[in-house]
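Here's the letter readout for the chains.
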Amino acid sequence: MPHATTADGQRIAYQVRGAGQPLVLLAGQSNNHTWWDPVRADFEASYQTVTLDWRGTGDSDKPDEVYSTPGFAEDVVAVLDDLGLAAVHLYGTSMGGRVAQWVAINHPDRVKGLVLGCTSPGAAHGYERSQEIRRALADSAKAERVLLELMYTPGWLAANPGLHPVLGDASMPSYARARHLVASNRHDAWDGLPGITSPTLILHGSDDVFSPAANAQLLADRIPRARAELIEGARHAYFHEFHEVAGPAVLRFLAAQDGS
């Protein structure tokens, strides 16, 4: 598996599939590239997809040090540099959407089209999950089931029992998991959002309470040339359960940026 080396000497694993213009897919907090496995094929007929393992996950290095969403953004840029990609389409979901904001803010020339999914500008200005949800997730005996129910609708879960790739990288060290949580919780891109120059699509499940759906319009109002689309009935993992709606929405948006 190829690796990019960051400015601070860490090795970031990445994966490339398909052919065409590059589309970089960024996963959620404490997850690696397998987050995208259920839907990656939706994009590969049109784009070369690039994923990566966040530092602390997968086959990337796992330093026990402070992580941050701006720092993760620099890891993404290190991957682009290693691949020789000057500019890409960028699609980030959940914490990946927070990281994507920083890539677009700090490296505007590297992002042709930006898609932000089920994400927020950060706690300081965004809408956060309730204390009731936080308490439920803190209960180790119930956390996995609670997280599943925040991700998917009851009907979908009943029809799709088994392992789900959005529940986190089970192999990551506990210290790295804790540092991912802090990085996501400390995210605050509010001041930089008006400086994003990339055309931006914001997607969100209408029934998402993990990252409340009100964040979608908040981001759209803050980012120039951005528009928000809610996917009715979807929860946090809208991109998976409702991929037959979400995938085409992303492809239509990207095709417009490509002039096709």
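Refer to the preceding data block for the structure.
Calculation rules
- Residues numbered from 1 in each chain as written.
- Predicted model: local features only at pLDDT ≥ 70, side-chain atom pairs only at ≥ 80, totals over all residues.
- Heavy atoms only, no water.
- Salt bridge = Lys/Arg side-chain N within 4 Å of Asp/Glu carboxyl O.
- Helix = DSSP H or I, 4+ residues; strand = E, 2+ residues; numbered from the N terminus.
- Buried < 20%, exposed > 50% of the residue type's maximum accessible area, 1.4 Å probe, protein only.
- Core = buried A, V, L, I, M, F, W, Y, C linked by side-chain atoms within 4.5 Å.
- Contact = heavy atoms within 4.5 Å.
- Phe/Tyr/Trp six-rings, centres within 6.5 Å; stacked < 30°, edge-to-face > 60°.
- Lys NZ or Arg CZ within 6 Å of the ring centre and 35° of its normal.
- 1 Å grid on protein atoms, 1.4 Å probe; cavity = no way out; pocket = protein on both sides within 12 Å on 5 of 7 lines; lining within 4 Å.
- Points joined across faces, edges and corners; volume = space filled by probe spheres on them.
- Nonpolar A, V, L, I, M, F, W, Y, C, P; charged D, E, K, R; others polar.
- Expected span 1.5 Å × (residues − 1).
- Polar contact = N/O pair within 3.5 Å; in protein donor to acceptor, adjacent residues only side chain to side chain.

A. Just the pattern of salt bridges, in detail. Inspection of every chain in the model, using the stated rule, returns twelve salt bridges. Lysine 112 serves as the salt-bridge partner of aspartate 258, at 3.6 Å between the closest nitrogen and oxygen. You can see aspartate 258 sitting in helix H10 (residues 243-258) and its partner lysine 112 sitting in strand S6 (residues 111-117), a full 146 residues away along the chain. Under the relative-accessibility criterion, lysine 112 is labelled partly exposed at 31%. Among the salt bridges present, the one from glutamate 229 reaches arginine 227, with a minimum N-O distance of 2.3 Å. The exposure class assigned to glutamate 229 is partly exposed, which follows from its relative accessible area of 25%.

B. Quick peek at the nonpolar core. Ranked by internal contacts, the top residues of the largest apolar core, which has 78 residues, are Leu26, Trp54, Tyr91, Tyr238 and Phe239. If we ignore the near neighbours within four places in the chain, the residues touching tyrosine 238 are Tyr91, Thr93, Gly117, Cys118, Leu203, Gly205, Ile231, His243 and Ala246.

C. Spotlight on the packing of aromatic side chains. For the structure on display, the rule yields eight aromatic pairs. An aromatic cluster of at least three residues, connected via ring pairs, comprises Trp35, Trp36, Phe43, Tyr91, Tyr238 and Phe239. One residue, arginine 129, lies across the ring of phenylalanine 210, its end atom 3.9 Å from the ring centre.

D. Spotlight on the layout of surface pockets. Within this model, the largest pocket holds a volume of roughly 860 Å³. Lining the largest pocket are 35 residues; nearest its centre among them are Gln29, Leu137, Leu147, Leu181 and Phe210. Sorting the residues of the lining of the largest pocket by element identifies helix H3 (95-106), helix H4 (131-138), helix H5 (143-151) and helix H7 (174-185) as the ones contributing at least two each. The element contributing the most residues to the lining of the largest pocket is H7, with six residues. Considered class by class, the residues forming the lining of the largest pocket number 16 nonpolar, twelve polar and seven charged. Within this model, the second largest pocket holds a volume of roughly 180 Å³. Along the walls of the second largest pocket sit Asn31, Asn32, Thr34, Glu144, Leu148, Gly162, Leu163, His164, Pro165, Leu167, Gly168 and Asp169, which together make up its complete lining. Across the lining of the second largest pocket, the residue classes tally to four nonpolar, six polar and two charged.

E. How the structure looks around helix H2 (residues 69-83). With 15 residues, H2 extends 21 Å between its outermost C-alpha atoms, agreeing within 8% with the 21 Å of an ideal straight helix rising 1.5 Å per residue. Every buried residue of H2 is listed here: Thr69, Phe72, Ala73, Asp75, Val76, Val77, Ala78, Val79 and Leu80. The backbone nitrogen of glycine 71 has a side-chain oxygen 2.9 Å away, supplied by the residue at the start of H2, namely serine 68. After H2 finishes, the residue glycine 84 shows a positive phi value of roughly 70°.

F. Just empty space enclosed by the protein, in detail. Here the structure, examined in full by the defined rule, presents one cavity of 30 Å³ or more. Put simply, the largest cavity is a space of about 40 Å³. A total of four residues in the lining of the largest cavity trace back to one element, the largest contributor, which is H10. By residue class, the composition of the lining of the largest cavity is six nonpolar, two polar and no charged.

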